[in-house]
Amino acid sequence: MNSIYVHIPFCEQKCKYCAFASFDNQFDQVQKYFDALQKEIESSTFEFRIGSIFIGGGTPSAVSPSFIAEILKAIRKKFDVDKNAEITIEANPNSLNEQKLKEYFSKGINRLSVGVQSLENKQLKALGRLHNKTQVFKALKAAKKVGFKNINCDLLLGLENQSYHQLKKAIKSLKKYATHFSFYMLQVEDGTPLKSMVEGGRIKLPDDDKVVKIYHKLVSFFRKQGLKQYEISNFAKKGFECLHNLNYWARGNYLGFGLGAHSFVGDTRWANASNFFDYFAGKKAFVEKLDDKQVAEEIVMLGLRCNLGFDLQQLQKFGLDLENNDHFQELLQNNILFLQNGRVKINPDYYGVSNLVIEKLIDF
Ligand code: SF4
């Protein structure tokens, strides 16, 4: 499959933990940015049939939906977008309303990804998020009313004073609306206010052991709730797995448009510059052609973080022969990995330690 990612780098306020390419003080660049985005799409040299589009950020819901509509129009004009394509937009609860949602839906956006992060107002405030629990449910109710059937809720793990009980309660109440959950570990990134808060003792985050315990409990809770884990951090009702992410893990082609957006076609990966000045000048942050070793590593890394697994024979073509590898045989014997129709897959009980499994396999 081929996918398109569009990056919208505007946010109403920078969250305290955020190290993404997003800006809360550049709204005067919106028109110029969308003009540049449109030009970038129009001048693409690829002629792909597109199975998924993901409009992410930043906060796409922080700009007028008319900008989003124009971008979708430009994509449809340039590419052959499948009529059943999955089209996702990321949104924050405080910048969503029924009117906006109606406009998204009428333009063919059929999947909504809401940055819930937590349902505890104290935690939201500590993270510098602009919304509260009431706004989350208001936005989700409006999305249902408008007709969205495919809704993801992003949640954060590893927050101050976060308990399994809180998360269980949150999932139960969000499940009335959501078909998909993405759970991300809070990362303390260099240069963020969160880092200074942690270093200055103004916030006390739970230790890794506690977070891992909560994660494992959540995995079994999701299972009981009929939400299948199909990747380390992703859980979905049957038939609601995110096609866009699956394409990424399957190493399908994807074109990224916008500031800082990454692309991958064949064996080449590249990224746009991640500041406005260089992006407007058409500069790239990097272009990299993968060699066989890198391709083999990627096949293993991406395949084992989700339920797709990887093709053993395909791997051999890139110089990684696992069949004669002792670590591989041991992982199979211990039922940590298993074979299914020529594909190597990870036992879902071991998603949490998939990094260690991958390390063992690609140490060649
Ligand atoms: S809304 Fe998302 S992208 Fe924007 S500042 Fe917060 S974490 Fe970063």
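Residues numbered from 1 in each chain as written. Predicted model: local features only at pLDDT ≥ 70, side-chain atom pairs only at ≥ 80, totals over all residues. Heavy atoms only, no water.

Focus on the packing of helix α1 (residues 30-42) against helix α2 (residues 65-78)
Phase 1 of the analysis: Where α1 contacts α2, the two axes come as close as 9 Å, and the packing angle between them is 10 degrees. The angle between the axes of α1 and α2 places the two elements in the roughly parallel class. Along its contact with α1, which presents V30, Q31, F34, L37, Q38, I41 and E42, the element α2 presents F67, E70, I71, A74, I75 and K78.
Phase 2 of the analysis: Its residues assigned to classes, the contact of α1 with α2 comprises 8 nonpolar, 2 polar and 3 charged. (Axes fitted to C-alpha atoms, helices over the stretch in contact; angles between N-to-C directions. Helix = DSSP H or I, 4+ residues; strand = E, 2+ residues; numbered from the N terminus. Parallel < 35°, antiparallel > 145°, perpendicular 65-115°, else oblique. Contact = heavy atoms within 4.5 Å. Nonpolar A, V, L, I, M, F, W, Y, C, P; charged D, E, K, R; others polar.)

Here we look at the domain arrangement of the protein
Phase 1 of the analysis: You can read the domains of the protein as domain 1 (2-247) and domain 2 (291-364).
Phase 2 of the analysis: The centre of domain 1, based on its C-alpha atoms, is set 29 Å off from the matching centre of domain 2.
Phase 3 of the analysis: Each partner contributes to the interface: domain 1 provides 8 residues, whereas domain 2 provides 9 residues.
Phase 4 of the analysis: Together domain 1 and domain 2 conceal approximately 780 Å² of surface at their shared face, both sides included; 51% is due to carbon and sulfur atoms.
Phase 5 of the analysis: By the criterion of area lost to domain 2, the three top residues of domain 1 are E231, I232 and L246, representing 49% of everything that side buries.
Phase 6 of the analysis: Across the domain 1-domain 2 interface, the total number found is 2 salt bridges.
Phase 7 of the analysis: At the junction of domain 1 with domain 2, the criterion picks out 4 residue pairs in polar contact (both at pLDDT 80 or more).
Phase 8 of the analysis: Those elements that provide at least two residues to the side of domain 1 that touches domain 2 are α8 (208-224) and β7 (228-231).
Phase 9 of the analysis: Counting residues per element, the side of domain 1 that touches domain 2 draws most heavily on β7, which supplies 4 residues.
Phase 10 of the analysis: Class assignment for the residues of the side of domain 1 that touches domain 2 results in 4 nonpolar, 1 polar and 3 charged. (Domains from an automatic or database assignment. Buried area = accessible area lost by both parts, 1.4 Å probe. Salt bridge = Lys/Arg side-chain N within 4 Å of Asp/Glu carboxyl O. Polar contact = N/O pair within 3.5 Å; in protein donor to acceptor, adjacent residues only side chain to side chain.)

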